[in-house]
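# Fold and contact review
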Amino acid sequence: MYAIFNGKKFDVTYEGNNIYTLISNVQYDGFAQYINILGQVAENTYIKEVENVELDFLYELSYELKYRGLWFYLTSSLNTNTISKELFVIGLDYFGSEAIELAEELGFERPDKFYFTKKIYRKDIEALKVIESPQGIFSSQGKKETILEGQAIDDYFASITD
């Protein structure tokens, strides 16, 4: 989950009772160095607890990839590892005979009786849909979807690996 706080984007965890912990690799004003459960200080990791009403925005990110003219959800994590390997796993839910035909036509595997998956490479991705789904007190704001193509996909991936 992610939060916008004072105009900056942070990873965030929910602690309960409308309290969130912001996580940063930069020590901003009011952030303390993170100390894990064993009492070890984590280098370059800083945290700050805030109430939900202090946040500018709170959201989950999900992705869809356009492959062979159709949109599929991304089942693998979008992180440094998958981006550096340029190998992504897309999914297709099982919804009757049409899904089975499509899965067979496109070479999907069936790891479970309810869905299909396929490994594709960066060169196979026609477009990337970035979906921000508002959470908590922001959930009524509706999803924000951004579609990226070509170099914009590579630029987005580079921003994740920085």
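Quantities reported herein were computed from a predicted structural model and do not represent experimental measurements. (Residues numbered from 1 in each chain as written. Predicted model: local features only at pLDDT ≥ 70, side-chain atom pairs only at ≥ 80, totals over all residues. Heavy atoms only, no water.)

### Overview of the pattern of salt bridges
Note on pairing: side chains with opposite charge can pair once their charged atoms come close. If you walk through the whole model with that rule in mind, you get 3 salt bridges. Lys123 is the partner of Asp124 in a salt bridge, and the nearest nitrogen-oxygen pair spans 3.5 Å. With a relative accessible area of 23%, Asp124 lands in the partly exposed category. (Salt bridge = Lys/Arg side-chain N within 4 Å of Asp/Glu carboxyl O. Buried < 20%, exposed > 50% of the residue type's maximum accessible area, 1.4 Å probe, protein only.)

### Brief notes about helix H2 (residues 97–106)
Along H2, the positions that sit buried rather than exposed are Ala99, Ala103 and Leu106. Buried residues of H2, seen end-on, are gathered within an arc of 75° and therefore sit on one face of the element. Turned more than 90 degrees away from the buried face of H2, the exposed residues are Ser97, Glu98, Glu101, Glu104 and Glu105. If you follow the buried residues of H2, they end up packed against strand E6 (57–67), strand E7 (70–74), strand E8 (87–93) and strand E10 (115–121). (Helix = DSSP H or I, 4+ residues; strand = E, 2+ residues; numbered from the N terminus. Arc of directions from axis to C-beta. Contact = heavy atoms within 4.5 Å.)

Bear in mind that shape data such as this cannot, by itself, settle questions of function.
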